[in-house]
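Working through the structure, step by step
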Amino acid sequence: MELPTIAAPGVGERADAVADAACHLYDTIALWGIGAPRGAVPDVAGGGWSRSAAEDAAEAIETTAHALASIDPGAEVVLAPVHAALADLRRRLGLAPADALSGDGLPPTPRTVGNPRRTRWVRVLTAPSPRQPPSRTTS
């Protein structure tokens, strides 16, 4: 399958933002990781990760994998090991399992994340409403 050179509105920009965010996350975590020079950063258990940060990162990967699955009918099968690996990681870290999906591939309830200050809502694509000419009110 050959993909088009132009993505649907917003898809390219959001995919680019996800890639940038992942790079920034990696760069930040690299400072806290095993390879960091001794004494360069504070010694923090877990390599700088918190429970909510790990849940958010796992959810970002899971959600991105679900989005990628829409590229091609066989993509979901190819991405199944990603979901299995993340489920195993969640178990190893003692995190809650990923939200179950309904028959249409969307979570049955709005997604929530480890950070109680935020809630991610599932966005449903709807057709844009037709443009309306400006109303002209005369007094």
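The structure this text deals with has already been given above.
Because the structure is a prediction, the values reported are computed rather than measured.

This paragraph deals with the overall build of the protein chain. Each helix and strand counted, the protein chain has three helices and zero strands in total. For the protein chain, the sequential pattern of α-helices and β-strands runs α-α-α. Long-range contacts, defined as pairs at least 24 residues apart, comprise 45% of the intrachain contacts of the protein chain with a sequence gap of at least 6. Accessible surface for the protein chain amounts to roughly 11300 Å². Of this, 61% is attributable to carbon and sulfur atoms.

Where nonpolar side chains cluster on the molecular surface, the patch consists of M1, L3, L68 and I71 and spans about 410 Å² of accessible area. Checked against the element boundaries, M1 lands in the segment before α1 (11–32).

If you walk through the whole model with that rule in mind, you get two salt bridges. When the shortest N-O distance is used, the salt bridge between E62 and R90 registers 2.8 Å. In this pair, E62 sits in helix α2 (residues 51–68) while R90 sits in helix α3 (residues 75–93), placing the two residues 28 residues apart along the sequence. Neither residue differs from the other here; E62 and R90 are each classed as buried.

Right, let's talk about α2 for a bit. Taking 1.5 Å per residue as the helical rise, α2 with its 18 residues ought to reach 26 Å, and the 26 Å between its terminal C-alpha atoms agrees with that figure. Among the residues making up α2, those that are buried are A54, E55, D56, A57, A58, E59, E62 and A65. Buried residues belonging to α2 abut α1 and α3.

The next subject is the environment of T28. Mapped onto the fold, T28 is located in helix α1. For the pair formed by T28 and G48, sequence separation is 20 residues and the distance between their alpha carbons is 8.9 Å. Within the local environment of T28, its side chain forms a polar contact with the backbone oxygen of H24, the two atoms lying 2.9 Å apart.

Moving on, we get to the packing of α2 against α3. Between α2 and α3, the least distance of the axes is 9 Å, while the angle of their chain directions is 170 degrees. In terms of orientation, α2 and α3 fall into the roughly antiparallel class. Contacts between α2 and α3 involve R51, A54, E55, A58, E59, I61, E62, A65, H66 and L68 from the former and A75, L79, V82, H83, L86, R90 and L93 from the latter. Partitioning the contact of α2 with α3 into residue classes produces 10 nonpolar, two polar and five charged.

Once that is clear, we can look at the environment of T64. Relative to the elements of secondary structure, T64 occurs in helix α2. Residue classification places T64 among the partly exposed positions, given a relative accessible area of 32%. Between the C-alpha atoms of T64 and V18, which are 46 residues apart in sequence, the distance is 8.5 Å.

What follows deals with the environment of T63. In this structure, T63 sits in helix α2. Along the chain, T63 and H83 lie 20 residues apart, while their C-alpha atoms are 9.9 Å from each other.

The rules behind the values
- Residues numbered from 1 in each chain as written.
- Predicted model: local features only at pLDDT ≥ 70, side-chain atom pairs only at ≥ 80, totals over all residues.
- Heavy atoms only, no water.
- Helix = DSSP H or I, 4+ residues; strand = E, 2+ residues; numbered from the N terminus.
- Contact = heavy atoms within 4.5 Å.
- Areas by Shrake-Rupley, 256 points an atom, 1.4 Å probe, with all protein chains shown as cover.
- Patch = residues over 30% accessible without salt bridge, like charges linked within 9 Å, V, L, I, M, F, W, Y side chains within 5 Å.
- Salt bridge = Lys/Arg side-chain N within 4 Å of Asp/Glu carboxyl O.
- Buried < 20%, exposed > 50% of the residue type's maximum accessible area, 1.4 Å probe, protein only.
- Expected span 1.5 Å × (residues − 1).
- Polar contact = N/O pair within 3.5 Å; in protein donor to acceptor, adjacent residues only side chain to side chain.
- Axes fitted to C-alpha atoms, helices over the stretch in contact; angles between N-to-C directions.
- Parallel < 35°, antiparallel > 145°, perpendicular 65-115°, else oblique.
- Nonpolar A, V, L, I, M, F, W, Y, C, P; charged D, E, K, R; others polar.

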